[in-house]
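Chains, contacts and geometry: an overview
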Amino acid sequence: MSGQKHAEIAGGGIGGLTAALSLARRGWSVRVHERAKELREIGAGLFVWENALRTLEALGAYDEVASTGEWNKSWQIRDHRNRVLQSDWLMKDSRLITAERQALHMAIANQAMRAGVEICTNAEVVGASSDGYLELATGTKHKADLVLGVEGVTSRVRDQMPGQKNIERLYDGGARYLIRRNENDLEVLNSSIECWNGGRRVGVIPVSKEHIYLYLCCPIADKKGAETPPNIDSWVKSFPQLETYLRRLTDNGKFVEFRDIRCEKWHHGRMAILGDAAHAMSPNLGQAACVTMQSAYMLARCVDEAPSVHQGLRDWETKFRPVVDATQRLSRFYGRVGTRWPVVLQDARSLMIAAMGRSAKLQHRINVAVRTDVTALAPVL
Ligand SMILES: Cc1cc2nc3c(=O)[nH]c(=O)nc-3n(C[C@H](O)[C@H](O)[C@H](O)COP(=O)(O)OP(=O)(O)OC[C@H]3O[C@@H](n4cnc5c(N)ncnc54)[C@H](O)[C@@H]3O)c2cc1C
C-alpha cells in the first residue's frame with residue numbers, strides 16, 4: 001500500500017489552489033473540486049504583498065506573477081484636497097506587486113497542474129465530514145486524509161464545522177473595475193494611488209501593461225456611490241483629479257457589501273476551512289488573499305510535519321490564527337476611518353493618517369502578516 005497522503009479540496013480559487021499546490025509540493029496527491037465550468041477569478045486586481053510574494057517564491061509561482069504584474073515603488077494615500085498623506089504606506093517591510101487577479105490565479109493553477117494536482121470543474125461540493133469525506137452534488141463521496149473547504153463566503157464545508165459562525169455586515173462596500181491603461185498615465189507608473197473624500201475612496205492601481213484596476217469604495221448608505229453600473233458623474237464630482245481614469249470605466253464590475261466572517265473553529269477531525277470560507281474580511285489592507293495564501297502554505301507544512309493530520313491542523317490554527325484575526329481587525333478599523341469618518345472632521349483625519357504613516361511602530365503592527373514568514377525553516381510567528 002502506498003504511504004502517500006491524499007487531500008480533497010472544495011474550491012478552485014486562489015486559496016484552494018495554493019493549498020493544493022503546497023500539499024502537492026510535499027508529495028501529497030490532491031484533487032480540487034471547482035463548481036464553475038472553468039477556473040476563473042471574479043474581480044479585477046490584487047495587491048500582492050511581501051507575505052504572498054514569499055509564498056509564491058516558495059511554491060515556484062513567483063516568476064509568472066512578477067513578469068506580468070506592476071512593481072510598486074510607492075503607494076500613496078491622498079486626501080480630499082489631493083494632498084499626499086503617505087507615499088510608502090505599509091511598504092517599509094514589504095515589496096508590493098499589483099497584479100490582475102486572473103494572472104495570479106492562473107500562475108498558481110499552472111504550477112498546481114504541473115505538480116500533479118487534479119482539478120475537476122463543474123464539480124459542486126455540498127458537504128464534508130470530520131472523518132475525511134467530501135461530498136459532491138452528484139452524490140459521490142470522496143475519502144481523504146484531509147478535506148478542505150475553500151469555497152469562499154458561501155462555503156458548504158463551513159456548515160459542518162462545529163462552533164459559532166458569524167457573518168457580519170460591515171455597511172460599506174466596493175466595486176472593482178479594470179480600465180484600459182494608456183501611455184499618458186504616468187502618475188501610476190510603478191505607483192498606486194488611493195484618494196479619499198468624505199466616505200468615498202478610489203484606488204488607481206496599475207496591474208499589467210494593458211490595465212489599471214480601479215476600485216470605488218463607500219458606505220452602502222451612499223446610494224449614488226453604490227450604484228452598478230457606476231455613476232461616473234457622481235464619482236468625478238468627488239474626485240475631479242481622477243476624471244481621466246473614471247471616464248474610462250465600463251460596466252465590468254459590481255458593487256458588493258463587505259463582510260467579516262468569523263468562525264469559532266477552523267478545523268475538526270480531518271476537515272478544515274480556509275480563506276474567505278473561514279475568515280473573509282474587508283479588502284482595505286489588500287491582505288485577505290495574501291493571508292489566505294500564507295495560511296494555505298502553513299497548513300500544508302503543519303499537516304505534513306505533524307504525527308497526525310488532526311495534530312497538524314491544531315498546530316496550524318494555533319500558530320497562524322492570531323495573524324489572520326489581527327489582520328481582519330485592523331482592516332476593519334481602516335475601513336471605519338476611511339468610510340465612516342464625519343465629513344466635517346476630514347482635516348483632522350488627514351493629520352491622523354499622516355501621523356500614522358510616520359509611525360514606524362504602528363506600521364509594524366499593522367503589517368503583522370508581512371512580518372510572519374511561514375516559509376522560513378523555523379517560521380517566524
Ligand atoms: C473588492 C475586493 C478587493 C479585494 N482586494 C484584495 C487585494 O488587493 N489583496 C488581497 O489579498 N485580497 C483582496 N481581496 C480579498 C480576496 O479576493 C479574497 O480573500 C480571496 O479571493 C479569497 O480566496 P478564496 O480562495 O478563499 O475564495 P474565493 O476566491 O471566493 O474562491 C472560492 C472558489 O470556490 C468555488 N466554489 C464556491 N462554492 C463552491 C462549491 N459549493 N463547490 C465547489 N466550488 C465552489 C468558487 O467558484 C471559487 O472559485 C479583495 C476582495 C474584495 C471583495
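Report on the accompanying structure. Quick caveat, the model's predicted, so the values are computed rather than measured.

Around the ligand, a shell composed of 35 residues is seen, among which Gly-11, Gly-13, Gly-15, Gly-152 and Gly-275 lie nearest. The set of elements that each furnish at least two residues to the shell around the ligand consists of α1 (14-25), β3 (45-49), β13 (165-180), α7 (276-279) and α8 (288-305). Here the element with the most residues in the shell around the ligand is α8; it accounts for 4 residues. Residues of the shell around the ligand, tallied by class, amount to 14 nonpolar, 14 polar and 7 charged.

Here we come to the sheet that holds β3. The strand order across the open sheet formed by 3 strands is β3-β7-β4, and the pairing between neighbours is antiparallel. With partners counted over all chains shown, the strands left at the sheet margins are β3 and β4 (70-71), one partner each. As judged from the 5 bridges shared by β3 and strand β7 (residues 96-100), these two strands associate in the antiparallel manner. When the sheet's bridge partners are listed, Trp-49 is paired in β7 with Leu-96. The sheet contacts of helix α4 (residues 101-114) involve β3 and β7, and relative to β7 the element is tilted by about 95°.

With that settled, consider the environment of Val-380. Its location among the elements puts Val-380 in the segment after α12 (368-371). With near-sequence residues (within four places) excluded, Val-380 lies in contact with Thr-372 and Asp-373.

Pairing is antiparallel in the open sheet, where 3 strands are placed in the order β9-β10-β11. Looking at strand neighbours, the two that pair on one side only are β9 (125-129) and β11 (141-143), the edges of this open sheet. Pairs of neighbouring strands in the sheet enclose a mean axial angle of 20°, with direction left out of account. Where strand β10 (residues 133-136) and β11 come together, 3 bridges link them in antiparallel fashion. Bridge pairing in β11 links Glu-135 to Lys-141.

Reading guide: rules and limits
- Residues numbered from 1 in each chain as written.
- Predicted model: local features only at pLDDT ≥ 70, side-chain atom pairs only at ≥ 80, totals over all residues.
- Near = placed C-beta within 6 Å.
- Helix = DSSP H or I, 4+ residues; strand = E, 2+ residues; numbered from the N terminus.
- Nonpolar A, V, L, I, M, F, W, Y, C, P; charged D, E, K, R; others polar.
- Pairing = 2+ DSSP bridges.
- Contact = placed C-beta atoms within 7 Å.
- Axes fitted to C-alpha atoms, helices over the stretch in contact; angles between N-to-C directions.

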